[in-house]
Amino acid sequence: TLFRSAFPGMVAWWKAENNAFDSVGTNNGIEHNITYTNGKVGAAFYLNGSNAYVGVPASSSLNVGVGNGFTFETWINPASLIPQPVAEWNDGVGDIGTHFFISESQYPTLGWPPGCLYANLIDTAGGDHIITTGAGIVATNNYQHIALTYDKASGVAVLYCNGTPVQTANLGSFTPQTSFNLYMGTRPSGSSAGSFFHGAIDEPSLYN
């Protein structure tokens with residue numbers, strides 16, 4: 001349901017109602033050049049694709065990788081399908097943690113599949129654990145719900161679009177790197193630093 005209260009396991013929920021406050025915890029976001037637009041529910045963050053993002057300082061509750069698994073979910077309305085970050089843990093000085101992108105590829109020489117969902121659950125030793133769909137999952141100019149889940153016991157990660165699993169992969173059991181600051185809409189450092197999301201992000205939330 002769209003009009004929900006906090007669910008079990010929810011550690012942060014940024015409703016984007018003209019602020020970046022966390023509605024269930026203490027992980028308030030810091031807005032950088034954010035404006036607001038019509039969201040799936042009420043208002044939504046609008047990111048201009050050049051310098052707008054939300055940063056959330058690292059905390060023990062955001063470090064969901066040390067637990068049994070995690071889910072990140074949000075509504076997005078992208079203005080384009082270039083490779084762009086939705087959410088990423090990043091230390092700001094070159095170390096990239098777990099991240100969730102659209103239209104990204106681990107092998108750019110093969111081209112970026114426009115509209116794919118892509119996640120790399122980089123572990124605490126810096127190892128890659130990739131799950132990705134083919135092209136055409138996400139479209140421009142309408143809201144779609146996307147989610148990434150990982151279960152440490154089984155090693156299974158799943159990507160969802162509009163509530164439907166669109167890719168499942170057994171990545172193995174490891175600890176995803178989620179101890180860094182959490183960024184929504186940008187990669188602040190490391191390879192491809194300075195990339196930004198262009199469009200609206202609404203109701204992002206994180207579960208442990």
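Residues numbered from 1 in each chain as written. Predicted model: local features only at pLDDT ≥ 70, side-chain atom pairs only at ≥ 80, totals over all residues. Heavy atoms only, no water.

A word on empty space enclosed by the protein
Remark: the empty space left among the atoms is shown by a probe the size of a water molecule rolled over them. Summed over all chains, the structure comprises one cavity of 30 Å³ or more. The space that makes up the largest cavity amounts to roughly 40 Å³. Lining the largest cavity, in full, are F70, F72, A87, W89, T98, H99, F100 and L148. Counting only elements with at least two residues in the lining of the largest cavity, the list comes to strand 6 (69-78), strand 7 (84-90) and strand 8 (96-102). Along the lines of polarity and charge, the residues of the lining of the largest cavity split into six nonpolar, two polar and no charged. (1 Å grid on protein atoms, 1.4 Å probe; cavity = no way out; pocket = protein on both sides within 12 Å on 5 of 7 lines; lining within 4 Å. Points joined across faces, edges and corners; volume = space filled by probe spheres on them. Helix = DSSP H or I, 4+ residues; strand = E, 2+ residues; numbered from the N terminus. Nonpolar A, V, L, I, M, F, W, Y, C, P; charged D, E, K, R; others polar.)

A few points about the packing of aromatic side chains
The final tally for this structure, using the stated rule, is six aromatic pairs. When the ring of Y53 is compared with that of F196, the centres are 6.3 Å apart and the planes differ by 40 degrees; the resulting orientation is tilted. With Y53 in strand 5 (residues 53-56) and F196 in strand 16 (residues 195-196), this residue pair connects regions lying 143 residues apart in the sequence. Take Y53 and F196: they sit in the same class, and that class is buried. With 6.2 Å between their ring centres and 75 degrees between their planes, F70 and W89 make a pair best called edge-to-face. (Phe/Tyr/Trp six-rings, centres within 6.5 Å; stacked < 30°, edge-to-face > 60°. Buried < 20%, exposed > 50% of the residue type's maximum accessible area, 1.4 Å probe, protein only.)

Observations regarding the side chain of T98
Within the element layout of this structure, T98 appears in strand 8. Take T98: its relative accessible area is 1%, and that puts it in the buried class. At 3.4 Å, the side chain of T98 forms a polar contact with the backbone oxygen of I122. Among all residues touching T98, those that are not within four sequence positions of it are F70, A87, E88, W89, N120, L121, I122, P176, Q177 and T178. (Polar contact = N/O pair within 3.5 Å; in protein donor to acceptor, adjacent residues only side chain to side chain. Contact = heavy atoms within 4.5 Å.)

Quick notes on the sheet that holds strand 2 (residues 30-32)
Ordered by their spatial adjacency, seven strands build an open sheet running 2-5-14-7-8-9-10, and the pairing between neighbours is antiparallel. The outermost strands of the open sheet, each flanked by one partner alone, are strand 2 and strand 10 (130-132). The mean angle between the axes of side-by-side strands here comes to 10 degrees, regardless of whether they run parallel or antiparallel. The pairing of strand 5 with strand 14 (residues 181-184) spans three bridges and is antiparallel. Bridged to V56 within strand 14 is L182. (Pairing = 2+ DSSP bridges. Axes fitted to C-alpha atoms, helices over the stretch in contact; angles between N-to-C directions.)

Regarding the layout of surface pockets
Its volume calculated, the largest pocket comes out at about 240 Å³. In terms of lining, the largest pocket is formed by 15 residues, of which the most central are H99, Q106, Y118, R187 and S191. Taken together, the elements giving at least two residues each to the lining of the largest pocket come down to strand 8 and strand 9 (117-120). With three residues, the top contributor of residues to the lining of the largest pocket is strand 8. In terms of residue class, the lining of the largest pocket is made up of six nonpolar, six polar and three charged.

Brief notes about the pairing of strand 5
The alternating pattern of strand 5 places Y53 and G55 and V54 and V56 on opposite faces, both of which are buried. Judged from the three bridges that link them, strand 2 and strand 5 form a sheet pairing that is antiparallel. Bridge pairing links H32 to Y53 in strand 5.

Considering unusual backbone geometry
A positive phi angle is found at N141, which is not glycine, with a value near 60 degrees. Within the secondary structure, N141 is located in the loop between strand 10 and strand 11 (144-151). When its relative accessible area of 62% is taken as the criterion, N141 is described as exposed. Its identity is not glycine, yet E203 carries a phi of approximately 55 degrees, on the positive side. Along the polypeptide, E203 turns up in strand 17 (residues 198-207). What makes E203 buried here is its relative accessible area of 3%.

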